[in-house]
Amino acid sequence: MSEPISRTEARQESADIKKKQAESLAELPPSTLHISLYMRSDPPIPNDFHWAFYLHKGTSSTPGGNKYHARGIGGWWIAGHEATTGIFAENFLCVIIQIATIPPSAHERVDEIMRSYDDSLNSIPGMTCRVWILVVLRKLIDEGLVHCDIGESEKDCFEFGNEHSATASANEQPRPVVKSRVCS
């Protein structure tokens, strides 16, 4: 049986994790769009994730970016969009998948697209966070901001999520960032 760690060791471990998370954030290429997957259960269930977009701005004046997602609450869906500098510190983060580079001149348009369904989330057939991602992804593709096949992108995300779910369950830090195999 292992001995419990001291408060000092726990503080040091926490500081080390925060440092690794900050380094991972700093290493993200500026102006990149990602799909982030989050664990829903422990032990992990294959293909069972919460899905979100993350637009990393990554400038010296804006070290983080914006997270966009839809959340189910009491049988209804609500938009959850917020600026964040702590994407790597979010609970249950499994993997971050880079799907595109978005020029700074298009950041405002991406923000508009991400928010375009906010008032009609509950009218989207079969609404889930994943369905919302795919609906918004279609719009991003149609406007030439992302280049990929939606079905292949969804499959790619599931594969990355399943591949990294065991290390997410073990809370290994920092969480991985991967490039989509199907989006350019």
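Draft legend 1. The environment of Leu 25, seen in detail. Locating Leu 25 in the fold gives a position in helix α1 (residues 7–27). Distance in space between the C-alpha atoms of Leu 25 and Gly 64 is 7.2 Å, their sequence separation being 39 residues. Residues within four places of Leu 25 in sequence aside, it is in contact with Tyr 54, His 56, Pro 63, Thr 85, Ile 87 and Phe 88.

Draft legend 2. Looking closely at the sheet that holds strand β5 (residues 93–101). The strand order across the open sheet built from 6 strands is β4-β3-β2-β1-β5-β6, with neighbouring strands paired in mixed fashion. The sheet is open, and its two edges are formed by β4 (76–84) and β6 (177–179), each paired on a single side. With direction set aside, neighbouring strand axes in the sheet form an average angle of 25°. Relative to β5, strand β1 (residues 32–39) is paired through 7 bridges, and the arrangement is antiparallel. Looking across to β5, one finds that Ile 35 is bridged to Ile 97.

Draft legend 3. Molecular detail of the pattern of salt bridges. One pass over the structure, following the stated rule, counts 10 salt bridges. Lys 19 is paired through a salt bridge with Glu 23; the nearest N and O atoms lie 3.9 Å apart. Taken as a pair, Lys 19 and Glu 23 lie in helix α1 at a separation of 4 residues, close to a single helical turn. Residue Lys 19 is classed as exposed on the basis of its relative accessible area, which comes to 55%. Here the salt bridges do not stand alone but share partners, grouping Arg 109, Glu 112 and Glu 143 into one network.

Draft legend 4. Quick look at the nonpolar core. Counting residues in each nonpolar core, the largest one holds 43 residues, and the members touching the most others are Leu 33, Phe 53, Ile 99, Trp 132 and Leu 140. Of all the secondary-structure elements, those providing two or more residues to this core are β1, β2 (49–56), β3 (65–73), β5, α2 (107–115), α3 (129–142) and α4 (150–169). Looking at which element gives the most residues to this core, the answer is α3, with 9 residues. Discounting residues that sit within four places of it in the chain, Leu 140 has contacts with Leu 33, Phe 53, Val 110, Ile 113, Met 114, Leu 145 and Val 146. The next biggest cluster of nonpolar side chains, apart from the first, holds 9 residues, and it includes Leu 28, Ala 52, Phe 88 and Leu 93.

Draft legend 5. The environment of Ser 31, seen in detail. By the secondary structure assignment, Ser 31 is in the loop between α1 and β1. Residue classification places Ser 31 among the buried residues on the basis of a relative accessible area of 9%. Along the backbone, Ser 31 and Thr 8 are 23 residues apart, and their C-alpha atoms lie at a distance of 38 Å. Excluding residues within four positions of it along the chain, Ser 31 makes contact with His 56, Lys 57, Ala 100, Thr 101, Ile 102, Pro 104 and His 107. Engagement of the side chain of Ser 31 in a polar contact is seen with the side chain of His 107, the distance being 3.3 Å.

Here is what the cut-offs are and how they apply
- Residues numbered from 1 in each chain as written.
- Predicted model: local features only at pLDDT ≥ 70, side-chain atom pairs only at ≥ 80, totals over all residues.
- Heavy atoms only, no water.
- Helix = DSSP H or I, 4+ residues; strand = E, 2+ residues; numbered from the N terminus.
- Contact = heavy atoms within 4.5 Å.
- Pairing = 2+ DSSP bridges.
- Axes fitted to C-alpha atoms, helices over the stretch in contact; angles between N-to-C directions.
- Salt bridge = Lys/Arg side-chain N within 4 Å of Asp/Glu carboxyl O.
- Buried < 20%, exposed > 50% of the residue type's maximum accessible area, 1.4 Å probe, protein only.
- Core = buried A, V, L, I, M, F, W, Y, C linked by side-chain atoms within 4.5 Å.
- Polar contact = N/O pair within 3.5 Å; in protein donor to acceptor, adjacent residues only side chain to side chain.

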